[in-house]
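# Understanding the architecture of this molecule
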There are 4 protein chains.
Amino acid sequence: MARCHRSGACRRKIGKNWRVEARAQIKRFVDGRRFQRFIAIVIVVNALTLGLETSAKFVDQGHDLLTAVDRIALGIFVVELTLRIIAYGFPFFTDPWSVFDVIVVGIAFVPTAGPFLVLRAFRALRIMRLVSVLPRMRRLATGILRALPGMASVGALIMLIIYVAGVVATNLFGEVAPKYFDDLGTSLFTLFQAMTGEGWPDISREVMAKEPLAWIFFVIYIVVCTLAVLNILIAVIVSGMEQANTDEIVELEEKQARSDQVLLEEIRALRDEVRALREERA
Amino acid sequence: MARCHRSGACRRKIGKNWRVEARAQIKRFVDGRRFQRFIAIVIVVNALTLGLETSAKFVDQGHDLLTAVDRIALGIFVVELTLRIIAYGFPFFTDPWSVFDVIVVGIAFVPTAGPFLVLRAFRALRIMRLVSVLPRMRRLATGILRALPGMASVGALIMLIIYVAGVVATNLFGEVAPKYFDDLGTSLFTLFQAMTGEGWPDISREVMAKEPLAWIFFVIYIVVCTLAVLNILIAVIVSGMEQANTDEIVELEEKQARSDQVLLEEIRALRDEVRALREERA
Amino acid sequence: MARCHRSGACRRKIGKNWRVEARAQIKRFVDGRRFQRFIAIVIVVNALTLGLETSAKFVDQGHDLLTAVDRIALGIFVVELTLRIIAYGFPFFTDPWSVFDVIVVGIAFVPTAGPFLVLRAFRALRIMRLVSVLPRMRRLATGILRALPGMASVGALIMLIIYVAGVVATNLFGEVAPKYFDDLGTSLFTLFQAMTGEGWPDISREVMAKEPLAWIFFVIYIVVCTLAVLNILIAVIVSGMEQANTDEIVELEEKQARSDQVLLEEIRALRDEVRALREERA
Amino acid sequence: MARCHRSGACRRKIGKNWRVEARAQIKRFVDGRRFQRFIAIVIVVNALTLGLETSAKFVDQGHDLLTAVDRIALGIFVVELTLRIIAYGFPFFTDPWSVFDVIVVGIAFVPTAGPFLVLRAFRALRIMRLVSVLPRMRRLATGILRALPGMASVGALIMLIIYVAGVVATNLFGEVAPKYFDDLGTSLFTLFQAMTGEGWPDISREVMAKEPLAWIFFVIYIVVCTLAVLNILIAVIVSGMEQANTDEIVELEEKQARSDQVLLEEIRALRDEVRALREERA
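A brief structural summary. This structure is a prediction, so every number in the text was calculated from the model and none was measured.

Once that is clear, we can look at the overall build of chain A. A tally of regular secondary structure across chain A gives ten helices and zero strands. Going residue by residue from the N terminus, the α and β elements of chain A occur as α-α-α-α-α-α-α-α-α-α. The proportion of buried residues among the 282 residues of chain A is 45%. Considering only residue pairs separated by 6 or more positions, chain A has 59% of its internal contacts joining residues 24 or more positions apart. Counting every atom, chain A has about 15,400 Å² of accessible surface; 64% of that belongs to carbon and sulfur.

The subject of this paragraph is the side chain of Arg84 of chain D. Residues and elements named next belong to chain D. Looking at where Arg84 falls in the secondary structure, it is placed in helix 3 (residues 56-88). Since its relative accessible area comes to 13%, Arg84 is described here as buried. Among the polar contacts listed, one links the side chain of Arg84 to the side chain of Asp101, at a separation of 3.4 Å. Arg84 has contacts with Val30, Gly89, Phe92, Ser98, Asp101 and Arg129, leaving out every residue within four places of it along the chain.

Taken together, Asp202 and Glu206 of chain A, Asp202 and Glu206 of chain B, Asp202 and Glu206 of chain C together with Asp202 and Glu206 of chain D make up a surface patch of like negative charges. Elements with a minimum of two residues in the negative patch: helix 9 (200-208) of chain A, helix 9 (200-210) of chain B, helix 9 (200-208) of chain C together with helix 9 (200-210) of chain D. Residue position: Asp202 of chain D is located in helix 9. Judged by relative accessible area, which is 54%, Asp202 of chain D ranks as exposed.

Residues and elements named next belong to chain C. What the rule picks out here adds up to 48 aromatic pairs over all chains. Between Phe29 and Phe35, the aromatic rings sit 4.8 Å apart at their centres with planes inclined by 45 degrees, giving tilted as the arrangement. For Phe29, a relative accessible area of 48% translates into the label partly exposed. Residue classification places Phe35 among the buried residues on the basis of a relative accessible area of 11%.

Let's shift gears to the relation of the copies chain A and chain B. Once chain A has been moved 0.0 Å along the axis and rotated by 90 degrees, it coincides with chain B to within an RMSD of 0.2 Å. Within this description, the copies of the chain are treated as partners about a four-fold rotation axis.

Further remarks concern the interface of chain C and chain D. Every contact between the two is made by 54 residues of chain C and, on the other side, 55 residues of chain D. Buried area between chain C and chain D, both sides added, is near 5,000 Å², and the carbon and sulfur share of it is 72%. Our enumeration of links across chain C and chain D arrives at zero salt bridges. The tally of links from chain C across to chain D stands at five residue pairs in polar contact (both at pLDDT 80 or more). Elements with a contribution of two residues or more to the side of chain C that touches chain D: helix 6 (135-173), helix 9 and helix 10 (214-281) of chain C. Among the elements that line the side of chain C that touches chain D, the one with the most residues is helix 10 of chain C, at 31 residues. Broken down by class, the residue content of the side of chain C that touches chain D amounts to 34 nonpolar, ten polar and ten charged.

Nonpolar side chains tend toward joint burial in soluble globular proteins. Phe181 of chain A, Phe181 of chain B, Phe181 of chain C together with Phe181 of chain D are the most contacted members of the largest nonpolar core, which totals 268 residues. In this structure, Ile267 of chain A, Leu263 and Leu270 of chain C together with Val274 of chain D belong to the second largest nonpolar core, which totals 24 residues.

Further remarks concern the packing of helix 9 of chain A against helix 8 (residues 184-195) of chain B. With their axes 10 Å apart at the nearest point, helix 9 of chain A and helix 8 of chain B run at an angle of 160 degrees to one another. Taken together, helix 9 of chain A and helix 8 of chain B sit at an angle that is classed as roughly antiparallel. Remark: the crossing between helix 9 of chain A and helix 8 of chain B carries right-handed chirality. Here Trp200, Pro201, Ser204, Arg205 and Met208 of chain A of helix 9 of chain A lie close against helix 8 of chain B, whose contacting residues are Phe189, Thr190, Phe192 and Gln193 of chain B.

Residues and elements named next belong to chain B. By the secondary structure assignment, Ala169 is in helix 6 (residues 135-173). Taking relative accessible area as the criterion, Ala169 reaches 0% and is therefore assigned buried. Along the backbone, Ala169 and Leu191 are 22 residues apart, and their C-alpha atoms lie at a distance of 9.0 Å.

Right, let's talk about helix 2 (residues 33-53) of chain A for a bit. Between the first and last C-alpha of helix 2 of chain A there are 30 Å, a value that for 21 residues agrees with the 30 Å anticipated at 1.5 Å per step. Within helix 2 of chain A, the full set of buried residues consists of Phe35, Ile39, Ala40, Val42, Ile43, Asn46, Ala47, Thr49, Leu50 and Gly51 of chain A.

With 54 residues of chain A in contact, the opposing surface of chain B contributes 55 residues. When the two sides are added together, the surface that chain A and chain B hide from each other amounts to roughly 5,000 Å², 72% of it contributed by carbon and sulfur. Seen at the junction of chain A and chain B, the total is zero salt bridges. Where chain A meets chain B, there are five residue pairs in polar contact (both at pLDDT 80 or more). For the side of chain A that touches chain B, the elements supplying multiple residues, two or more each, are helix 6 (135-173), helix 9 and helix 10 (214-281) of chain A. With 31 residues, the top contributor of residues to the side of chain A that touches chain B is helix 10 of chain A. Per-class residue counts for the side of chain A that touches chain B are 34 nonpolar, ten polar and ten charged.

Let us now look at the environment of Glu21 of chain D. With respect to the secondary-structure elements, Glu21 of chain D resides in helix 1 (residues 8-31). As a C-alpha pair, Glu21 of chain D and Pro201 of chain D span 180 residues in sequence and 67 Å in three-dimensional space.

This paragraph deals with the pattern of salt bridges. Scanning the model with the defined rule gives 32 salt bridges over all chains in all. Between Asp70 of chain D and Arg123 of chain D there is a salt bridge, with its nearest N and O atoms 3.5 Å apart. Pair noted here: Asp70 of chain D is in helix 3 and Arg123 of chain D is in the loop between helix 4 (96-106) and helix 5 (129-133), with a separation of 53 residues, a long-range link. For the pair shown, Asp70 of chain D and Arg123 of chain D are each scored as buried. Across the pair Asp101 of chain D and Arg84 of chain D runs a salt bridge whose closest N-O atoms are separated by 3.4 Å. With Asp101 of chain D in helix 4 and Arg84 of chain D in helix 3, this residue pair connects regions lying 17 residues apart in the sequence. Here Asp101 of chain D falls in the buried class, since its relative accessible area comes to 1%. Connected via shared salt-bridge partners are Glu53, Asp70, Arg123 and Arg126 of chain A.

Before going further, it helps to spend a moment on a nonpolar patch on the surface. Residue and element names in this part refer to chain A. On the surface, a cluster of nonpolar side chains totalling about 460 Å² of accessible area is made up of Leu213, Trp215, Ile216, Ile220 and Val224. Summarising the element assignment, Val224 is placed in helix 10. For Val224, a relative accessible area of 32% corresponds to the partly exposed category.

Quick notes on the rules
- Residues numbered from 1 in each chain as written.
- Chains lettered and ligands numbered in written order.
- Predicted model: local features only at pLDDT ≥ 70, side-chain atom pairs only at ≥ 80, totals over all residues.
- Heavy atoms only, no water.
- Helix = DSSP H or I, 4+ residues; strand = E, 2+ residues; numbered from the N terminus.
- Buried < 20%, exposed > 50% of the residue type's maximum accessible area, 1.4 Å probe, protein only.
- Contact = heavy atoms within 4.5 Å.
- Areas by Shrake-Rupley, 256 points an atom, 1.4 Å probe, with all protein chains shown as cover.
- Polar contact = N/O pair within 3.5 Å; in protein donor to acceptor, adjacent residues only side chain to side chain.
- Patch = residues over 30% accessible without salt bridge, like charges linked within 9 Å, V, L, I, M, F, W, Y side chains within 5 Å.
- Salt bridge = Lys/Arg side-chain N within 4 Å of Asp/Glu carboxyl O.
- Lys, Arg positive; Asp, Glu negative; His and termini not counted.
- Charge placed at Lys NZ, Arg CZ, Asp CG, Glu CD.
- Phe/Tyr/Trp six-rings, centres within 6.5 Å; stacked < 30°, edge-to-face > 60°.
- Least-squares fit on C-alpha atoms with pLDDT ≥ 70 in both.
- Buried area = accessible area lost by both parts, 1.4 Å probe.
- Nonpolar A, V, L, I, M, F, W, Y, C, P; charged D, E, K, R; others polar.
- Core = buried A, V, L, I, M, F, W, Y, C linked by side-chain atoms within 4.5 Å.
- Axes fitted to C-alpha atoms, helices over the stretch in contact; angles between N-to-C directions.
- Parallel < 35°, antiparallel > 145°, perpendicular 65-115°, else oblique.
- Left-handed = near helix turned anticlockwise from the far one by under 90°.
- Expected span 1.5 Å × (residues − 1).

Shown next, in the form of structure tokens:
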């Protein structure tokens with residue numbers, strides 16, 4: 001090291017070393033327990049101010065304070081994310097949680113005028129960062145997200161059923177009950193509502209007043225949806241159970257394997273002894 | 001082959017061979033991945049046009065285009081099914097999915113006038129062909145359909161309960177609340193609705209205004225239905241779980257059997273050795 | 001036999017024998033497949049006439065026919081039950097299904113005037129005899145009934161919760177929302193309704209209009225009920241699963257035991273051989 | 001003992017002995033089956049009087065009787081709890097059930113005037129003491145309470161989702177539908193209601209009348225909540241099942257271990273015999 005103190009290549013190397021070390025130090029800092037707790041507290045405080053902002057009373061009285069706290073929290077988040085991007089470099093963006101963090105923090109920078117103004121209402125999604133910051137919540141959310149692919153095909157089947165039923169219902173009941181089945185979009189919403197089992201008899205009775213046979217459509221639709229939803233439930237429970245079972249059966253297998261190993265060794269030792277006996281005789 | 005070039009029987013044989021080969025080739029074509037994907041795309045496009053047709057706006061603007069696409073899609077389906085019937089012959093009709101395909105495509109040929117006109121609204125069922133065309137969806141649907149027999153007796157029990165409750169309710173409340181219990185049909189619909197847990201208190205309170213003891217009927221009915229529905233849930237979950245468990249226990253059994261086999265072979269080898277020892281001594 | 005043809009004791013014995021044989025024959029008859037199918041058909045026919053009777057139109061046109069069929073069916077049931085009582089004697093009344101049969105058939109003999117008139121509306125319960133007649137339905141119903149004791153304590157807990165919540169709600173909201181909480185009975189019904197999750201927000205919002213803090217009561221009640229109901233669900237599923245699991249694990253155990261038996265016999269044979277070897281040497 | 005009959009220390013010792021013995025006797029008394037049954041009966045009687053008190057009719061007629069029974073029951077509870085505090089000393093307060101008992105009995109001593117008057121309505125919670133007195137109910141309640149921590153993180157996640165959705169909805173729909181989304185509190189209640197799946201289409205349709213895109217918010221919210229609630233269900237079922245499975249697999253393991261032990265002993269005996277054979281030869 002002492003030798004190279006004046007060459008350019010060496011300076012670059014030192015520069016690089018310095019950068020590598022700095023990144024490692026930043027990494028240690030942003031991944032440290034204290035920093036993560038601090039960020040969690042900032043999120044909770046920010047959640048409270050975002051909540052208070054919705055109340056007209058508080059906005060009148062402490063508007064300046066709320067805005068100040070919100071801006072400080074936002075500033076802290078921006079600094080935190082910048083540090084994490086510096087620390088991790090490009091791989092930062094391959095972690096879906098990090099991308100989520102960047103997006104929900106970024107919503108705050110949507111201009112207060114223009115077509116995307118409505119997005120500002122979703123600033124509160126920032127509070128969901130608690131899930132990505134607290135390890136326990138993160139594990140839970142990851143678990144739920146991991147169960148999604150298992151439900152994907154049932155989900156697709158349900159969407160297909162709703163779509164087909166929507167087209168059929170619009171054709172059949174569009175003129176009879178325009179409030180519920182006027183066009184495809186309205187029908188799809190109505191049928192999603194019926195799938196959650198909410199208020200379907202009101203809709204059905206209104207249609208049946210003019211089309212007495214409409215009950216056939218509704219009863220079949222409700223039964224088919226119930227069966228499909230039951231299947232999501234089963235998919236989810238079975239996958240949860242398989243996990244639980246596998247753990248126990250693996251443990252049972254291991255115990256059994258150990259026990260069989262003891263037997264096997266005992267038998268082999270015996271065989272060696274018998275062989276020794278034969279050799280002694282020979 | 002060369003010998004028979006002028007006899008009639010031979011010509012028939014060649015004709016038959018040619019037909020067999022043609023059928024095999026058609027079979028390979030209709031079962032090929034490319035063709036199935038093409039059909040899937042046609043179904044999706046057709047789904048979109050069927051959806052757009054429900055919107056008055058689109059029907060005015062692009063009526064001709066929509067009708068054209070719909071007819072082309074229908075033509076493709078007819079050709080596809082014809083090819084599959086040629087390829088498979090009569091056994092085609094023993095596959096329930098094929099029968100489903102023929103029926104939902106056939107609905108398009110219901111005359112646009114006459115008593116079956118309403119069936120045309122069910123043309124959209126054609127979109128459900130996606131389920132029979134995509135292997136993954138088909139497996140899922142087959143799984144759901146296979147679970148049905150397990151629920152059949154619970155389903156029959158529930159229908160029996162609704163029927164009996166319907167007769168009782170019509171006798172008891174027919175004059176009190178004609179909107180809900182006027183005749184058996186109305187009562188059955190009302191009780192199906194109550195079974196889905198939807199809006200039963202409104203019905204019950206209306207009846208109770210005149211028959212104060214009606215709560216006994218409703219509370220018992222709700223509790224009995226809940227128990228019966230719970231039983232469907234259990235039947236379904238238990239059957240799902242048994243499948244999952246069986247797989248794992250079978251695996252455990254196999255591992256165990258292999259391990260026991262090793263032990264057994266070891267012991268038998270030992271026995272051979274002891275026997276050899278005895279024979280050597282003798 | 002020939003010897004005793006004139007003594008009184010002998011005649012009594014023959015009489016007894018004759019009676020025993022007659023009872024056995026009746027038993028074979030009423031338990032026979034044909035007779036049970038015949039009864040099942042009579043029940044279904046009776047179910048249809050009971051259903052038609054609820055319709056004013058049919059009662060006007062075919063009143064005589066319906067009454068005749070109903071009376072014939074009733075007559076057949078009375079004969080059937082009499083035969084079964086003769087065949088089985090007193091033990092007949094120890095089978096809960098038989099008692100159920102007697103009661104639901106007996107309802108038809110409630111006088112058409114007087115305080116029990118309303119019971120006649122429950123004549124339709126007779127249709128539920130299908131469950132006791134068809135073996136498959138009977139097994140299912142037995143299964144459901146057997147699961148009940150497992151839910152008994154959760155059921156008692158839920159009733160206790162509803163009762164306590166009912167007393168509290170009557171005290172708190174009785175004057176505010178007399179429609180829902182006027183006296184204990186009304187409150188209990190309202191809370192049973194809320195437990196099925198039906199229409200509770202309407203009730204809650206009406207109360208909250210005057211008692212803004214009422215949401216605390218409703219949210220806690222809904223959460224507590226959901227947890228309790230979840231527990232019924234678990235009790236039922238776990239008991240269903242245990243059954244399923246036990247069967248498989250018992251089978252696994254048996255296979256394992258057989259496999260271990262083979263090993264044990266092999267080892268014992270080996271030991272005999274070694275012992276023989278020692279004896280030969282001695 | 002005879003020696004010390006006049007010294008002060010001795011008298012204190014006797015005093016202490018006497019107190020220890022008295023406490024043991026009280027303990028035996030309050031833990032005795034008879035006393036617990038007596039308390040259970042008093043609770044049931046008190047439950048009835050508390051129920052009757054809610055009825056204006058009964059309060060007019062038998063006001064004095066009801067008050068008297070209520071006071072006697074209260075007196076018995078006070079004596080019972082005093083005895084149990086004497087018997088157990090400080091550790092009494094470390095049992096959560098005892099603390100619960102003290103609190104629900106203590107509510108009766110809230111002054112009938114002043115800010116805590118409303119608490120008196122919760123006197124009926126005293127009936128819940130049945131759960132702590134009856135061993136079976138107590139086990140059940142303990143089981144439910146023990147399952148709570150397993151749901152804690154899903155519960156926290158659901159609360160977080162409701163809070164974030166509440167802030168977003170207040171911002172988005174506060175002016176459009178003040179009845180449901182006026183301030184954060186109202187929004188949270190509305191979204192809790194929507195999570196129970198009750199009446200959400202009415203709310204959604206009211207909002208959609210002015211904000212046609214609001215369906216996106218509601219559909220996503222309902223789907224996310226359903227997934228989260230499904231996860232509670234799974235957590236609960238899997239934990240219930242694990243319990244059930246563990247018991248059986250532990251039993252299977254024990255049987256297997258015993259069987260393997262037999263094999264092992266057999267093999268070891270064999271080895272001893274072979275060793276003896278070698279030694280005899282040597």
